[in-house]
Amino acid sequence: SGGNVDLLQASASISRSSSNPAQLNFTHKLAKLTFGTITNNTGETIQLNGFTVSGTINSEAKLDLTNGGWSGHVSSTTSIQLPPPFVYVVHTPAEMAGPPPDGYAAKALIEPLLDKETVLPNMAMGRSLLLIPNANGKITVDVEVNNSTGETFSFPIELEEGKEKIVNITIGRNFEVVIE
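Residues numbered from 1 in each chain as written. Predicted model: local features only at pLDDT ≥ 70, side-chain atom pairs only at ≥ 80, totals over all residues. Heavy atoms only, no water.

Participant: What's the story with the overall build of the protein chain in this structure? I'm lost.
Facilitator: The helix and strand tally for the protein chain stands at 0 helices and 13 strands. Traced from its N-terminal end to its C-terminal end, the protein chain shows the element sequence β-β-β-β-β-β-β-β-β-β-β-β-β. The globule rule puts the C-alpha radius of gyration for 180 residues at 16 Å, and the 20 Å found for the protein chain is more than 25% above it. Taking the principal axes of its C-alpha atoms as reference, the protein chain extends roughly 70 × 35 × 30 Å. Taking all 180 residues of the protein chain together, 33% fall into the buried category. Sequence-distant contacts in the protein chain: of pairs separated by 6 or more residues, those separated by 24 or more amount to 59%. Summed over all atoms, the accessible surface of the protein chain reaches about 10200 Å², with 48% contributed by carbon and sulfur. (Helix = DSSP H or I, 4+ residues; strand = E, 2+ residues; numbered from the N terminus. Rg over C-alpha atoms; globule rule 2.2 N^0.38 Å. Buried < 20%, exposed > 50% of the residue type's maximum accessible area, 1.4 Å probe, protein only. Contact = heavy atoms within 4.5 Å. Areas by Shrake-Rupley, 256 points an atom, 1.4 Å probe, with all protein chains shown as cover.)

Participant: What should I look at first to understand the pattern of salt bridges in this one?
Facilitator: Where charged atoms of side chains with opposite charge meet at close range, the side chains can pair. In the structure shown here, the tally under the stated rule is 3 salt bridges. When the shortest N-O distance is used, the salt bridge between glutamate 161 and lysine 29 registers 2.7 Å. Here the residue glutamate 161 occupies a position in the loop between β11 (153–160) and β12 (164–172), and lysine 29 occupies one in the loop between β2 (27–28) and β3 (31–41), the gap between them amounting to 132 residues. Its salt-bridge partner being lysine 163, residue glutamate 160 comes within 3.4 Å of it at the nearest N-O pair. Taking the relative accessible area as the measure of exposure, glutamate 160 reaches 29% and is therefore partly exposed. Judged by its relative accessible area of 48%, lysine 163 falls in the partly exposed class. (Salt bridge = Lys/Arg side-chain N within 4 Å of Asp/Glu carboxyl O.)

As structure tokens, then:
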């Protein structure tokens, strides 16, 4: 998840003896999930600790370069944590001082989210995740907002090949989550 690299594909057939150039129209082959804004409408300050993206996620697949089709998927039910589990989450700038605790490679600062505040999530490794879609060009994952309220906020998101899905999250009273 930390080495997200976009994948483009194009194909064209042309005779080697032709003097005309091959026309290549590249398309994005991965599905992209981007975390946009987060708004707190709970009436209290909450601590965000990041997100967990889970589901049947493809770790590899074969891309046919002649037609752009996916096949041979290798998948498993898994979870991807953002920030990753090797990053220690702190909530104040003072906690950023010094090295991370043993067992962690880095620290990430995610400041408390005040009531009525809207922020872009501060996430180590970026706010986007690129995933290999299924053979139909789609993949569904569940997104969970990790937080200090004791409540679980989780919702499914369907992603499509070549499209970016930006998720803006509003956490409301009774810890209701609204996705835009």
